[in-house]
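Now for the letters of each chain:
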Amino acid sequence: MNATSGNKRGWRILRRLLLTVAILATLLAALYAEEDWRGKRAWENYKREWEAKGEKFDWRAFVPPSVPDDQNFFTAPIFTNMLNGKIVMSPYGNDGGPDIRPDASRSGYAIYRVRMTDLQAWQNYYRNPTNIHAVMRLSRLME
């Protein structure tokens, strides 16, 4: 066996391999095309059947109309000011909230300073008998 016959044999194997790959790719493409056609046909039949029963398949039919600005909750000044950047909500207490800025005095650890709420004061307020008139008015309104 000489070098030219081995070279021809290598080309013959490569040709057969490429032909096999091309045939498999063509079969795969034909299968995908056939499934796409069957799926489209099945969808159109289903859609036609249910539209005859009164169902809507247009997504625009499900979109509600726009809310007028005078009834839109998110056009309130607090939201429009937040969107315009006039009000900045910060998790670090710059907006009047609790002071929870991280303290980096210890390396590698963030220690949070949190101002605790006095729940006893709230409890006394709501249990105070001087507020009984407001509670009675509310209970009458709820009846």
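Below or above, wherever it landed, is the structure these notes cover. (Residues numbered from 1 in each chain as written. Predicted model: local features only at pLDDT ≥ 70, side-chain atom pairs only at ≥ 80, totals over all residues. Heavy atoms only, no water.)

### Side note on the overall build of the protein chain
- Broken down by element type, the protein chain carries four helices and two strands.
- Each of the 143 residues in the protein chain was classed as buried or not, and the buried ones make up 1%.
- Sequence-distant contacts in the protein chain: of pairs separated by 6 or more residues, those separated by 24 or more amount to 0%.
- As displayed, the protein chain has an accessible area near 13700 Å², and 61% of this comes from carbon and sulfur atoms. (Helix = DSSP H or I, 4+ residues; strand = E, 2+ residues; numbered from the N terminus. Buried < 20%, exposed > 50% of the residue type's maximum accessible area, 1.4 Å probe, protein only. Contact = heavy atoms within 4.5 Å. Areas by Shrake-Rupley, 256 points an atom, 1.4 Å probe, with all protein chains shown as cover.)

### Let's talk about the pattern of salt bridges
- Inspection of every chain in the model, using the stated rule, returns four salt bridges.
- Glutamate 34 is the partner of arginine 38 in a salt bridge, and the nearest nitrogen-oxygen pair spans 4.0 Å. With arginine 38 and glutamate 34 both in helix 1 (residues 3-52), this residue pair falls four residues apart, about one helical turn.
- With a relative accessible area of 43%, arginine 38 lands in the partly exposed category.
- Overall, glutamate 34 belongs to the partly exposed group, its relative accessible area being 33%.
- The salt bridge involving glutamate 35 is made with arginine 38; its shortest N-O contact spans 2.9 Å. Pair noted here: glutamate 35 and arginine 38 are both in helix 1, with a separation of three residues, about one helical turn.
- Judged by its relative accessible area of 42%, glutamate 35 falls in the partly exposed class.
- What you see here is one network of salt bridges that share partners, running through Glu34, Glu35 and Arg38. (Salt bridge = Lys/Arg side-chain N within 4 Å of Asp/Glu carboxyl O.)

### Digging into the packing of aromatic side chains
- Counted according to the given criterion, the structure contains five aromatic pairs.
- Pairing phenylalanine 73 with phenylalanine 74 gives two aromatic rings, centres 5.4 Å apart and planes at 85°, and the pair type is edge-to-face. For the pair shown, phenylalanine 73 and phenylalanine 74 are each scored as exposed.
- Through pairs of rings, three or more aromatic residues link up here, namely Trp43, Tyr46, Trp50 and Phe57.
- Over the ring of tryptophan 50 we find lysine 53; its NZ or CZ atom is 4.2 Å from the centre of that ring. (Phe/Tyr/Trp six-rings, centres within 6.5 Å; stacked < 30°, edge-to-face > 60°. Lys NZ or Arg CZ within 6 Å of the ring centre and 35° of its normal.)

### Remarks on a positive patch on the surface
- Together, Lys8, Arg9, Arg12, Arg15 and Arg16 make up a positively charged patch on the protein surface.
- Within the secondary structure, lysine 8 is located in helix 1. (Patch = residues over 30% accessible without salt bridge, like charges linked within 9 Å, V, L, I, M, F, W, Y side chains within 5 Å. Lys, Arg positive; Asp, Glu negative; His and termini not counted. Charge placed at Lys NZ, Arg CZ, Asp CG, Glu CD.)

### Observations regarding a nonpolar patch on the surface
- Where nonpolar side chains cluster on the molecular surface, the patch consists of Trp11, Leu14, Leu17, Leu18 and Val21 and spans about 520 Å² of accessible area.
- Note that leucine 18 resides in helix 1.

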